[in-house]
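# Summary of the model geometry
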Amino acid sequence: TPKQLFELGTIAALAAAAGATGRTPVDSIESGPFPLTPIQRWFFETPVDNRNHWNQSFAFTAPADLDVTALRTALRELERLHDALRLRFATSADGWLQRYAEAGEPALMTADLSTAEAEDCTAALAAIGDELQLGLDLLHGPIWRCAHVRLPPGQPSRVILAIHHLAVDAVSWRILL
């Protein structure tokens, strides 16, 4: 309980209070399927119209002359270091399972709106955000996508990230950013 977290002074005391779960602890997942976490299990047990479109997105301003090659390199490294960005899900006789896909080329789309009118840019940015979010795929991947958008001269560019909620939450956004 939350109270026990404060009352018990050691990890050993907390472990003894928690008791056995009947599950085998997992030290390291390198390949192959592995069980869902409790919140993932809840997600797959809850009726959802489109499981792929249960995500969070974030838009950043970036320098107008952002180096897209450097951005792609950073995204590749982010995916390599943060396993959850490589999650894939599948059903089995035992229910849903997850596995890690190999790190690959990040799903980065680019758009050049440098000649667009200001009012057209707002609608175009919204459409790009929708396209990113609709392109997420829990079974085959990716479960995260990014876009870099160049805007008219004098405006910073935008970087938009869309990540499935199974891989990101309010706390993990700070770590990723």
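Scroll up to find the structure.
Values in this document were obtained by computation on a predicted structure and should not be read as measured data.

So, how was this worked out
Residues numbered from 1 in each chain as written. Predicted model: local features only at pLDDT ≥ 70, side-chain atom pairs only at ≥ 80, totals over all residues. Heavy atoms only, no water. Helix = DSSP H or I, 4+ residues; strand = E, 2+ residues; numbered from the N terminus. Expected span 1.5 Å × (residues − 1). Buried < 20%, exposed > 50% of the residue type's maximum accessible area, 1.4 Å probe, protein only. Arc of directions from axis to C-beta. Polar contact = N/O pair within 3.5 Å; in protein donor to acceptor, adjacent residues only side chain to side chain. Pairing = 2+ DSSP bridges. Axes fitted to C-alpha atoms, helices over the stretch in contact; angles between N-to-C directions.

Between the first and last C-alpha of helix α4 (residues 68–81) there are 20 Å, a value that for 14 residues agrees with the 20 Å anticipated at 1.5 Å per step. Along α4, the residues that are buried comprise Val68, Leu71, Leu75, Leu78 and Glu79. One side of α4 carries all its buried residues, which in axial view fall inside an arc of 95°. Seen from the buried face of α4, the exposed residues on the opposite side, beyond 90 degrees, are Thr69 and Leu81. Sitting at the amino-terminal end of α4 is Asp67, which places a side-chain oxygen 2.9 Å from the backbone nitrogen of Thr69.

Strand order in this open sheet of 4 strands is β1-β6-β5-β4, and the pairing throughout is mixed. At either end of the open sheet lies a strand with only one pairing partner, and these are β1 (55–62) and β4 (108–112). In this sheet, neighbouring strand axes are inclined to one another by 15° on average, regardless of whether the strands run parallel or antiparallel.

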